[in-house]
Amino acid sequence: MDQIRITGGARLNGRIAISGAKNAALPLMIASLLTDETLTLDNIPRLADVALLKRILGNHGVDYSVDGKRPGQDVMTGETLHLSAKTIVDTTAPYDLVSRMRASFWVVGPLLARMGYAKVSLPGGCAIGTRPVDLFIEALLKLGADIEIDAGYVLAAAPKGLRGGRITFPKVTVGATHVALMAASLARGETVIENAAREPEIVDLAACLTKMGAAIEGAGTSTITISGVERLSGARHTVLPDRIETGTYAFAAAMTGGDVLLEGAREDLLQAPIELLRGIGAEVVVTNEGIRVVRNGAGLAPVRVTTEPFPGFPTDLQAQLMALVCRAEGTSTIRETIFENRFMHVQELARLGADIQLEGQVATVKGVSRLRGAPVMATDLRASVSLVIAGLAAEGDTTVNRVYHLDRGFERLEEKLGRCGAQIERLVAA
Ligand code: EPZ
């Protein structure tokens, strides 16, 4: 298996092109199941999760093609993907695919809405928590579906079509909001989603569905109203920039010191992390090219942070923030409220010399004056990249194992950091 080796100590200086958001690209690709016309998506990131979802959609009968490279296009430019679900050949999403990527469970919404039937494997547990699907099922029941769970599969049926309903989520859920949006777009009558997720990726999906002919109001607020339509058409949509990739490289720049321009990054997508970075001691400047993060020698201040749904501080940046404050001057506390088991990076950061105490959902991080490189491994995407951030500031070599986690969600990570002066290389397994 590939490894990433980092020799710590180099400051980051230069530009990093921010890719399209993984967590927007995935639901947008799934939305192609809602129409028999072609959905064209620009700025699709080249990621393992995207490749896997192409395969999963192919299984349902979606034909896809990718545009070739155009003159002047950089390797960092996202792909243009054309998806055509003219004929759905299979309404089953099998265990071996859904268990590899939880978001593929979300096909349940469009398949049910368009075909009146879907059989989708329960995703099972995952490294960051139990992650149940009860709220998806509640939402689809409210839209008139019959649901049975049998032999590890959700069997959802609505032979006469879905009908609008009132869905009130007891807690904010991104995935079930995506699914409710997609399903309600093709339901008869009006649906109101209360306590909807407000994440930018929800707004992006709603914008694309609207281009496809859906009637959606309120995306980005906690009440979304959808007036169902009989059919949706093809459309063309550009995936928004990845706010988690942006935040990750912003934290890396703050960690090492230096001056990095995050090209194409949008400030409105990450106000809480930007505010926090400024409080920690980095200079963050919004320019017409993106977001510039500068730190010149000044020490890092400790923080008190709680992860929250958008617009709060995102759980997907919690591990990266923890790596950063390992070097703060003082003690930080980080409370994780979204997932119950998202601290797998703590023991690995400790291998690099971090001083972190865990008590339930709260990590107390005492800043240390130096980190020392070591071999480490992680069990999920964001945990892995937190180890990269720590490795960039550690003395000596850090080797990150299980790089496939990184490849799921960070496009050309070693190239992007390497272009800014990081000493980082991929050791390809023989
Ligand atoms: C999305 O996951 C993201 N994934 C996650 O990013 C992100 O961490 C998460 O939202 C929170 O922002 C994608 O967009 C592909 P949720 P999702 O439903 O939709 C509970 C990454 O690293 N819940 O908002 O699965 C759930 O267990 C990933 O890129 C139920 O209890 O998250 C959690 O505690 C990881 N029942 C909370 O809600 C349900 O039926 C929020 O989860 C559904 C969720």
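Rules behind the numbers
In every chain, residue numbers begin from 1 and rise along the written sequence. Reporting of local features is limited, given that this is a predicted model, to residues whose pLDDT is at least 70; pairs of side-chain atoms are given and counted only at 80 or more, and all residues count toward the totals for whole chains, interfaces and linings. Side-chain measures were taken over the full set of non-hydrogen atoms in the model, leaving aside hydrogen atoms and water. Secondary structure elements follow DSSP: runs of H or I no shorter than four residues count as helices, runs of E no shorter than two count as strands, and numbering proceeds from the N terminus. Put simply, a salt bridge is a Lys or Arg side-chain nitrogen that is within 4 Å of an Asp or Glu carboxyl oxygen. Relative accessibility decides the category of a residue: with a 1.4 Å probe and only protein chains considered, values under 20% of the type maximum give buried, values over 50% give exposed, and everything between is partly exposed. Both cavities and pockets are sets of points on a 1 Å grid over the protein atoms alone; in a cavity a 1.4 Å probe fits but cannot get out, in a pocket the set is open with protein on both sides within 12 Å along at least five of seven lines, and lining residues sit with an atom within 4 Å of a point. Grid points are joined across faces, edges and corners, and a volume is the space filled by probe spheres set on the points. Residues were grouped as follows: Ala, Val, Leu, Ile, Met, Phe, Trp, Tyr, Cys and Pro as nonpolar; Asp, Glu, Lys and Arg as charged; and all remaining residues, including Gly, as polar. Note on definitions. A residue lies near a molecule or strand when any single heavy atom of the residue is within 4 Å of it. By the criterion applied in these results, polar contacts are pairs of N or O atoms within 3.5 Å in which, for protein atoms, one can donate a hydrogen and the other can accept it, and in which residues neighboring in sequence qualify only through two side-chain atoms. The protein chains shown are the only cover counted for residues, whose accessible areas, like all others here, come from Shrake-Rupley with a 1.4 Å probe. By definition, residues are in contact when any of their heavy atoms lie within 4.5 Å. Between N-to-C directions, angles cover 0 to 180 degrees, with each direction set by a line fitted to C-alpha atoms, over the stretch in contact for helices. Roughly parallel covers angles under 35 degrees, roughly antiparallel covers those over 145, roughly perpendicular covers 65 to 115, and oblique covers all other angles. By definition, any crossing whose near helix is turned counterclockwise from its far helix by less than a right angle is left-handed, and any crossing with a clockwise turn is right-handed.

1. Considerations on unusual backbone geometry
In this model, F310 is joined to P311 through a cis peptide bond whose omega is 10°. Along the chain, P311 turns up in the loop between strand 18 (304-306) and helix 10 (318-325).

2. A word on the pattern of salt bridges
With the rule as written, the count across this model stands at 23 salt bridges. Among the salt bridges present, the one from R231 reaches D36, with a minimum N-O distance of 3.2 Å. Of this pair, R231 sits in the loop between strand 13 (223-227) and strand 14 (235-238) while D36 sits in the loop between helix 1 (22-30) and strand 3 (38-44), placing them 195 residues apart in sequence. Accessibility expressed as a relative area gives 48% for R231, which makes it partly exposed. Residue class for D36 comes out partly exposed when judged on its relative accessible area of 35%. Of the charged contacts, one joins R292 and D259 as a salt bridge, the two residues approaching to 2.8 Å between their closest N and O atoms. Highlighted residues: R292 in strand 17 (residues 290-295) and D259 in strand 15 (residues 258-263), separated in sequence by 33 residues. Several salt bridges share partner residues, and in doing so they unite D2, D407, E414 and R426 into one network.

3. What to know about the layout of surface pockets
Taken as a whole, the second largest pocket spans an internal volume of roughly 260 Å³. Along the walls of the second largest pocket sit 20 residues, with A113, R114, L186, V229 and E230 positioned nearest its centre. For the lining of the second largest pocket, the per-class residue count stands at 10 nonpolar, four polar and six charged.

4. Thoughts on the site of the ligand
Residues in contact with the ligand amount to 22 residues; listed here are only the nearest, D134, V174, D316, I338 and R382. At 2.7 Å from a nitrogen atom of the ligand is found a side-chain nitrogen or oxygen belonging to D134. L135 places a polar main-chain atom, nitrogen or oxygen, 2.8 Å from an oxygen atom of the ligand. Across the complex, the protein chains shield 89% of the 830 Å² of accessible surface that the ligand would expose by itself. Ranked by residues supplied to the shell around the ligand, first place goes to helix 5 (residues 134-142) with three residues. Across the shell around the ligand, the residue classes break down as 11 nonpolar, four polar and seven charged.

5. With respect to the side chain of T315
Tracing the chain through its elements places T315 in the loop between strand 18 and helix 10. Here T315 is in contact with T307, E336, I338, F339 and R342, once residues within four sequence places are set aside.

6. Some words on the packing of helix 1 against helix 2 (residues 48-60)
Where helix 1 contacts helix 2, the axes come no closer than 10 Å and their chain directions differ by 10°. When the axes of helix 1 and helix 2 are compared, the pair comes out roughly parallel. On the side of helix 1, the interface is formed by K22, L26, M29 and I30, while helix 2 contributes D49, V50, L53, K54 and L57. For the contact of helix 1 with helix 2, a count of residues per class yields six nonpolar, no polar and three charged.

7. Things to note about the packing of helix 10 against helix 12 (residues 381-393)
Two elements in contact, helix 10 and helix 12, have axes whose closest approach is 8 Å; the angle formed by their N-to-C orientations is 20°. The orientation of helix 10 with respect to helix 12, classified from their angle, is roughly parallel. Note that helix 10 runs across helix 12; the crossing there is right-handed. When helix 10 is examined against helix 12, the residues A319, Q320 and A323 are found in contact with a partner set consisting of R382, A383, V385, S386, I389 and A390. Its residues assigned to classes, the contact of helix 10 with helix 12 comprises six nonpolar, two polar and one charged.

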